[in-house]
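Chain by chain, the residues run as shown.
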Amino acid sequence: MALTCTDLRGTLPLLAQGKVRDVYTLSSNHLLFVATDRISAYDVIMKNGIPNKGKLLTALSEFWFTTVLKDVGPNHFVSSSMDFLPEKLQKYSAQLKGRSMVVKKLQVFPVEAIVRGYLTGSAWVEYKKSGTVHGIQVPEGMVESQAFEKPLFTPSTKAAQGQHDENIHPDKVVQLVGHEYTKKIEELSLALYTRARDYAVERGIIIADTKFEFGLDEDKNVVLVDEILTPDSSRFWLASTYQTGRSQDSYDKQFLRDWLTKNGVKGRPGIVMPDEIILETSKKYHEAYELLTGSEWKET
Ligand SMILES: Nc1ncnc2c1ncn2[C@@H]1O[C@H](COP(=O)(O)OP(=O)(O)O)[C@@H](O)[C@H]1O
Ligand SMILES: [Mg+2]
């Protein structure tokens, strides 16, 4: 059974409900970050969910936070264990176990720190039109899905709920968060992406691009927050079928997107996915987890 919405019966105040996560205030400096099984495509949420998706996203983020990317910089992860939660939450373990993380509550910068290793998506659309990517001049004659010589920091604004993020030139980030933090966010984003990219490609996955978010702690440290390097926040491609000069299949949501388009319901909210789409999509999330972590998925 998929969990599309949490209900803690008012035990904790709900701070925010995103497309995927229900975020609760646990204490003055900690949040309870619960990944549901909700799935969105073309920016709208489906009515039913993908069983286990929230657990897979939580486990994958934890994996990156605590192993491969642990020493690149500080991150918000505290614990994903039920033992860490107060007594009053134990009775909600069916909703929380395996899909919740206690994280440090931080002031999140209003910037989506996107890093692109490959020319695709909205970057490819812009490049074809103007030879630039987020206003940055890049070499002529590149083809679709080609790797950039060096990964690019291509931020976007963090739009309010229901709005679309806007691609911006890195200089515009300076106006939003100042010179010092822009430099730090860019440096960290590139270092995190590069480390993860090199790790993943050895395991058969190309991380074409990804999105990070950062927050500021009380000592003015820039801290990595949110989920990281999941199929929801990144473009994963199978290295074995990768070819330049064409678009690559989206790793996780291709089945869903194709089905929505075929049925003429793309962009319409409250759509119920049929079982076969749920199954195919679920398979891809499991596959990503297993390829990247090198361990078999075990339900908790
Ligand atoms: N450590 C943190 N402190 C405060 N807010 C956070 C932290 N980490 C992530 N967030 C915010 O929590 C929300 C996560 O919910 P999600 O469902 O992913 O939202 P969205 O629909 O915006 O992707 C995001 O708005 C993110 O900016
Ligand atoms: Mg999110």
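Residues numbered from 1 in each chain as written. Chains lettered and ligands numbered in written order. Predicted model: local features only at pLDDT ≥ 70, side-chain atom pairs only at ≥ 80, totals over all residues. Heavy atoms only, no water.

**Considering the nonpolar core**
- Counting residues in each nonpolar core, the largest one holds 64 residues, and the members touching the most others are Met46, Trp64, Leu69, Ile207, Phe212, Phe214 and Leu256.
- Leu12, Tyr24, Leu32 and Val102 belong to the second largest nonpolar core, which has 11 residues in total. (Core = buried A, V, L, I, M, F, W, Y, C linked by side-chain atoms within 4.5 Å. Buried < 20%, exposed > 50% of the residue type's maximum accessible area, 1.4 Å probe, protein only.)

**Re the site of ligand 1**
- In the vicinity of ligand 1, 16 residues are found, and the nearest of them are Lys19, Arg21, His76, Lys104 and Glu213.
- In this structure, an oxygen atom belonging to ligand 1 sits 2.8 Å away from a main-chain N or O atom of Lys19.
- In the model, a nitrogen atom of ligand 1 is placed 2.9 Å from a nitrogen or oxygen of the His76 side chain.
- A total of 560 Å² of accessible area belongs to ligand 1 in isolation, and the protein chains cover 82% of it.
- Elements supplying a minimum of two residues to the shell around ligand 1: strand 2 (21-25) and strand 3 (30-35).
- Across the shell around ligand 1, the residue classes break down as seven nonpolar, two polar and seven charged.
- Built from parts of two domains, the shell around ligand 1 gets at least three residues from each of domain 1 (14-105) and domain 2 (108-241). (Near = heavy atom within 4 Å. Polar contact = N/O pair within 3.5 Å; in protein donor to acceptor, adjacent residues only side chain to side chain. Areas by Shrake-Rupley, 256 points an atom, 1.4 Å probe, with all protein chains shown as cover. Helix = DSSP H or I, 4+ residues; strand = E, 2+ residues; numbered from the N terminus. Nonpolar A, V, L, I, M, F, W, Y, C, P; charged D, E, K, R; others polar. Domains from an automatic or database assignment.)

**So, the sheet that holds strand 1 (residues 14-17)**
- Overall, antiparallel pairing links the five strands, which are arranged 1-2-3-7-6 in an open sheet. This sheet does not close on itself; its edge strands, each paired only once, are strand 1 and strand 6 (77-79). Adjacent strand axes in the sheet meet at a mean angle of 30°, parallel and antiparallel pairs treated alike.
- Strand direction decides the pairing type here: strand 2 and strand 3, joined by five bridges, are antiparallel. Counterpart to Thr25 in the pairing with strand 3 is Leu31. (Pairing = 2+ DSSP bridges. Axes fitted to C-alpha atoms, helices over the stretch in contact; angles between N-to-C directions.)

**A closer look at the domain arrangement of the chain**
- As assigned here, the chain comprises domain 1 (14-105) and domain 2 (108-241).
- Here domain 1 and domain 2 have C-alpha centroids that lie 22 Å from each other.
- Between domain 1 and domain 2, the contact holds 20 residues from the first and 20 residues from the second.
- Of all residues in domain 1, Trp64, Leu69 and Val72 bury the most surface against domain 2, accounting for 30% of the area lost on that side.
- Here domain 1 is connected to domain 2 by three salt bridges.
- A salt bridge links Asp232 to Lys53, with the nearest nitrogen and oxygen atoms 2.8 Å apart.
- Among the elements that line the side of domain 1 that touches domain 2, the one with the most residues is helix 1 (residues 53-68), at eight residues.
- Here the side of domain 1 that touches domain 2 is composed, by residue class, of 11 nonpolar, five polar and four charged. (Contact = heavy atoms within 4.5 Å. Buried area = accessible area lost by both parts, 1.4 Å probe. Salt bridge = Lys/Arg side-chain N within 4 Å of Asp/Glu carboxyl O.)

**Thoughts on the packing of helix 6 (residues 254-262) against helix 7 (residues 275-293)**
- Orientation of helix 6 relative to helix 7, taken along the N-to-C sense of each, is 150°, at an axis distance of 8 Å. The orientation of helix 6 relative to helix 7 falls into the category roughly antiparallel. Facing Phe255, Leu256 and Trp259 of helix 6, the residues of helix 7 in contact are Ile277, Glu280, Thr281 and Lys284. (Parallel < 35°, antiparallel > 145°, perpendicular 65-115°, else oblique.)

**Concerning the pattern of salt bridges**
- Tallied over the entire structure, the rule returns 15 salt bridges.
- Salt-bridge contacts for Lys211 lead to Glu213; the nearest nitrogen and oxygen are separated by 2.9 Å.
- A relative accessible area of 15% places Lys211 in the buried class.
- Between Glu287 and Lys284 there is a salt bridge; the shortest N-O distance is 3.5 Å. In this pair, Glu287 and Lys284 are both assigned in helix 7, three residues apart and thus about one turn of the helix distant.

**Notes on unusual backbone geometry**
- With a phi close to 50°, Arg9 is a non-glycine residue in the positive phi region.
- Structurally, Arg9 is set in the segment before strand 1.
- Of note in the backbone geometry, Lys220 takes a positive phi value of approximately 65° without being a glycine.
- Position of Lys220 among the secondary structure elements: in the loop between strand 14 (205-216) and strand 15 (222-225).
- The exposure class of Lys220 is exposed, given its relative accessible area of 54%.

**Things to note about the packing of helix 4 (residues 170-177) against helix 5 (residues 179-201)**
- Two elements in contact, helix 4 and helix 5, have axes separated by 7 Å at closest approach and are oriented at 130°. The pairing of helix 4 with helix 5 is recorded here as oblique in orientation. Judged by the twist between their axes, the crossing of helix 4 over helix 5 is right-handed. On helix 5, the residues touching Pro170, Val173, Val174 and Val177 of helix 4 are His179, Tyr181, Thr182 and Ile185. (Left-handed = near helix turned anticlockwise from the far one by under 90°.)

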